[in-house]
Amino acid sequence: MSRIPRPLARRIDRLARRAHAFHRWAHHPLCARYGPEVVRLGRRTRVCRGCALTVLGAVTGLAAGLASPAAPGVAWLAAAALLAAAVPLAIPPLATPDAPAELDAAAGARRTPKLLTRFLPLAVAGGALAQALVAPTAAGIGAAALAAGATAWGTARYRRRGPDRAACRTCPEGPPGARCSGYAPLVRREHAMARLAGRWISAASAGRVAGRGAR
């Protein structure tokens, strides 16, 4: 059982959340090689470009579908079918761990733009769902169901595959670790947070000992 007083434990939890807030949604190392994969917000904060485009695509599709006149359900059904067929192309499998670094670099150079693999699919899915709500025809409902299934399939496929770290395999700094400049800002924040939390814990312990001595 922790001997840290509950108010101090909550204070340390808040400190940890603030210390790591700047990269919580980055999902990538913060080095120049992954610069195109993240979006800078303000001086320090970073968010994942793919995730940002995913959310933006879904919101745009929903808003456009709700604001637009009812479109033929067959058209949305065709768009949803294309979305389902494009999932394997949008999220290809990664190279095997023993693949040559040159193949990883070539695969990274051929990477499909995230506007096509994140924004457009979610815009189609959001639009199909909104149109099914606006005009609940059989074709429209089928399109929404197919788009939702394709989105779930793509999400599961991505989670099984994991993020593409081909840039790390060809990096002169070596694999992510102590020398990795992409993780250096995270490590510095972690060390600073640990030092400050240690001082707080030491001060609290000294206060408890002084209190017992006074009694």
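Quick look at the structure, then. Because the structure is predicted, anything quoted here is derived from the model rather than measured.

A few points about the overall build of the protein
On a plain count of helices and strands, the protein comes out with eight helices and two strands. When the helices and strands of the protein are read in sequence order from the N terminus, they spell out α-β-β-α-α-α-α-α-α-α. Out of the 215 residues in the protein, the part that is buried amounts to 30%. Within the protein, counting contacts between residues at least 6 apart in sequence, those at least 24 apart form 74% of the total.

Structural notes on the nonpolar core
Core analysis: the biggest nonpolar cluster contains 10 residues, these being Ala80, Leu83, Ala84, Val87, Val124, Ala125, Ala128, Ala143, Ala147 and Ala150. Listing elements by their share of this core, those giving two or more residues are helix 3 (73-90), helix 5 (114-134) and helix 6 (138-161). The greatest single-element share of this core, amounting to four residues, is contributed by helix 3. The residues contacting Ala84, other than those within four sequence positions of it, are Leu146, Ala150 and Trp153. Leu8, Ile12, Leu15 and Ala197 belong to the second largest nonpolar core, which has seven residues in total.

Description of the state of the cysteines
Enumeration over the complete set of coordinates arrives at zero disulfides. Here Cys31 stays free of any disulfide, with the sulfur of Cys180 as its closest cysteine sulfur at 5.7 Å. For Cys31, a relative accessible area of 16% corresponds to the buried category. Here Cys171 is not cross-linked by a disulfide; its sulfur's nearest cysteine counterpart is in Cys31, at 6.3 Å. Given a relative accessible area of 18%, Cys171 falls into the buried group.

Cut-offs and rules
Residues numbered from 1 in each chain as written. Predicted model: local features only at pLDDT ≥ 70, side-chain atom pairs only at ≥ 80, totals over all residues. Heavy atoms only, no water. Helix = DSSP H or I, 4+ residues; strand = E, 2+ residues; numbered from the N terminus. Buried < 20%, exposed > 50% of the residue type's maximum accessible area, 1.4 Å probe, protein only. Contact = heavy atoms within 4.5 Å. Core = buried A, V, L, I, M, F, W, Y, C linked by side-chain atoms within 4.5 Å. Disulfide = S-S within 2.5 Å.

As far as function goes, none of this settles anything; it's purely spatial.
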